[in-house]
Structure formats: structure tokens, C-alpha cells
Amino acid sequence: MKRNALLGAVVMLAVTSASEAAADGAPGPLGVTAVAVATPQFARVGALFSADDAAAGRLTGEHFCTASVVHSPHHDLIATAAHCLSSVSGELAFVPGYRAGQAPYGVWKIKRSFMPDGWNKGQDEDSDVAFAVLEEKDGKNVEDVVGGNRFVTRTTTGATAVTVTGYPDSVEAPIRCTNRPTAHSATQQRITCPAFTGGTSGSPWVNGYDEVVGVLGGHEQGGATPDVSYSVVLGAEAAELYEEATSAP
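Cut-offs and rules
- Residues numbered from 1 in each chain as written.
- Predicted model: local features only at pLDDT ≥ 70, side-chain atom pairs only at ≥ 80, totals over all residues.
- Heavy atoms only, no water.
- Disulfide = S-S within 2.5 Å.
- Helix = DSSP H or I, 4+ residues; strand = E, 2+ residues; numbered from the N terminus.
- Buried < 20%, exposed > 50% of the residue type's maximum accessible area, 1.4 Å probe, protein only.
- Core = buried A, V, L, I, M, F, W, Y, C linked by side-chain atoms within 4.5 Å.
- Contact = heavy atoms within 4.5 Å.
- Pairing = 2+ DSSP bridges.
- Axes fitted to C-alpha atoms, helices over the stretch in contact; angles between N-to-C directions.
- Phe/Tyr/Trp six-rings, centres within 6.5 Å; stacked < 30°, edge-to-face > 60°.
- Expected span 1.5 Å × (residues − 1).
- Arc of directions from axis to C-beta.

Comments concerning the state of the cysteines
Within the structure shown, the criterion is met by 2 disulfides. A disulfide bridge connects cysteine 65 with cysteine 84, and the sulfur atoms are separated by 2.1 Å. Between cysteine 65 and cysteine 84 the sulfur-sulfur dihedral comes to about -75 degrees; the bridge is accordingly left-handed. Highlighted residues: cysteine 65 in strand S3 (residues 65-70) and cysteine 84 in helix H4 (residues 82-86), separated in sequence by 19 residues. The partner cysteine of cysteine 177 in its disulfide is cysteine 193, sulfur to sulfur 2.1 Å. What sets the handedness of the cysteine 177 and cysteine 193 disulfide is the S-S torsion sign, and at about -80 degrees it is left-handed. Here cysteine 193 lies in the loop between strand S12 (188-192) and strand S13 (204-206) and cysteine 177 lies in strand S10 (residues 175-179), a separation of 16 residues in the sequence. Pair check on accessibility: cysteine 177 and cysteine 193 agree, each one buried. When the cysteines engaged in disulfides are numbered in sequence order, the chain pairs them as 1-2, 3-4.

Here's the deal with the nonpolar core
Leu48, Ile78, Leu85, Phe94, Ile110, Leu134 and Val142 are the most contacted members of the largest nonpolar core, which has 22 residues in total. For leucine 134, the residues in contact, after removing those within four places along its chain, are Asp76, Ile78, Phe94, Trp108, Lys109, Ile110, Lys111, Asn141 and Val142. Of all hydrophobic cores here, the second largest spans 17 residues; its members include Phe114, Val129, Val206 and Ala245.

Side note on the pairing of strand S2 (residues 45-50)
Burial analysis of S2 places 5 of its 6 residues in the buried class, which makes it a mostly covered element. Bridging between S2 and S3 involves 4 bridges; their strand directions are antiparallel. Residue pairing across strands places valine 45 opposite serine 68, the latter belonging to S3. Alignment of S2 against strand S5 (residues 92-96), held across 5 bridges, turns out to be antiparallel. Along S5, the bridge assignment pairs glycine 46 with proline 96.

Thoughts on the sheet that holds S3
Spatial strand order, S2-S3-S4-S7-S6-S5: 6 strands in a closed barrel with antiparallel pairing. Each neighbouring strand pair of the sheet contributes to a mean axis angle of 45 degrees, computed without reference to strand direction. The pairing of strand S6 (residues 108-114) with strand S7 (residues 130-134) spans 4 bridges and is classified as antiparallel. Looking at the pairing, serine 113 lines up with alanine 132 of S7.

Focus on the packing of aromatic side chains
One pass over the structure, following the stated rule, counts 5 aromatic pairs. Ring geometry for phenylalanine 131 and tyrosine 242: centres 5.7 Å apart, planes at 65 degrees, overall edge-to-face. Pair noted here: phenylalanine 131 is in strand S7 and tyrosine 242 is in helix H7 (residues 236-247), with a separation of 111 residues, a long-range link. According to the relative accessible area criterion, tyrosine 242 is buried, its value standing at 15%. Counting every residue linked through ring pairs, the aromatic cluster contains Phe49, Tyr98 and Tyr167.

Focus on H7
The end-to-end C-alpha distance of H7, which contains 12 residues, comes to 16 Å, matching closely the 16 Å that a straight helix rising 1.5 Å per residue would cover. Restricting attention to buried positions, one finds in H7 the residues Ala238, Ala239, Leu241, Tyr242, Ala245 and Thr246. Taken around the axis of H7, the buried residues stretch over an arc of 160 degrees, which confines them to a single face. Seen from the open side of H7, the exposed residues pointing more than 90 degrees away from its buried face are Glu240 and Ser247. On its buried face, H7 is in contact with strand S4 (77-80), S6, S7 and strand S8 (150-151).

Right under this line is the structure:
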């Protein structure tokens, strides 16, 4: 699980050093973390809350993980880490584009969650990825409102740089960092980006083709230090789980 030690100082240092890179929303220099500019692409990423907090408008300081909208036939699917969905009791909600206590694209209640057998049976760190189907809101599905990135499996680790976007749980805006992942093992990939601490689990790793090729989690539930994060290598199990989630009635 990501740790929060010295989070404020680390985030402020990283944001200050990357202020120019963040100004136009471009990826900026590799391995530098900055506040994510509010753009349509970043609106596909959001924070997870308990449904009770979200319904009551208690958003500030209550988010605990990150998720993102991925393309699906029914336009209702988000991807996150399995440990995010299994570690919290009660109903959950997703707030895309969350920022400073506001829900600019609404609050979306989770209807059904999907986790791999490897996680359900033994919390295998190589199975730390999950999907959730969201309820409709005002007659629309979430992808109709904010769009969605493609969920892609069996890619080569480090083939391209990726942008990781997530919500530290003591910061009220998303942060993002672009770097090139490297292999940690045959089943885990890692990326060096500062300030990705508690709350960033579930953050999507998106390449230049708007494809999710990683989800922050896996080894040590995402990493024991703020500067190195992990993801499961998305392979056959993740592909099967996606098929199950998108085929659900």
C-alpha cells in the first residue's frame, strides 16, 4: 500500500519543479510529477469514495483510491486495482475529474465489481486489477459523458512512455507523471515517478495512443515508497476479466 509520509512536501516540490510542463497539459519532462491540468482526457480519471459520502456531498478529504473510464460496449466501465475494491466495505462511487471538492461530471455509483480469481482466492499481487460497472446517471453512461481509454493487454513493457494520473488521498487534485516503465519481473512492471502515495492505487498508465497498459497496484499494492510504483503486467487474466465485465448483463 502506498504510504503518505511527507506527502505535502513531496508534492509541492514536484509541482513547483514542473510548473512549466503542467501549464499546457502536455506530458512534460520524464519522471517529473505535477498537478494534472483539467482537460477532457484527464476527466476520464477520477477518485473513489464511499457512496454515502458522495451522496451527502462529503467529498473533500474522503477519497481513497483512483479509477479510470475504459472503453466498453455498454459505456459503463471503470478500471482500478483489486485491492481498492476489496479493502472497503459498503457501496462505492466514482467521481470523474474530481477536483477541490467538486464533481464536475457527476457522481457515479458502482453497480457491480469484477476481480480475478487469483485475487479473490489469495490476494495474489499478480492479480491486482479490477473492473466495476457503473449505474446510469440522467439516462447516460459515464463513457458518454467523459469518454474512455482503451484497455489493452499483452503489450511490451516499456515499449512507449506512459502517463500515470492519480489522486493522493491528502490532495484535492489529480497529479500526473510521464515516464517509461521497466520490467520488475515477468508479471510486474514498475515506473519511477515521485509523490504517488496513498490514494493513487488504481491510477491508469496511459500510452500515447490513449490505451491503458497498466493499473497502479500489484507489487506491495502499488509500492512501499512514493517514488516507485508498480502495475501488474496486463496479460491473459486481465483480458479474461475485461471480457467478463463487458459481457455482464
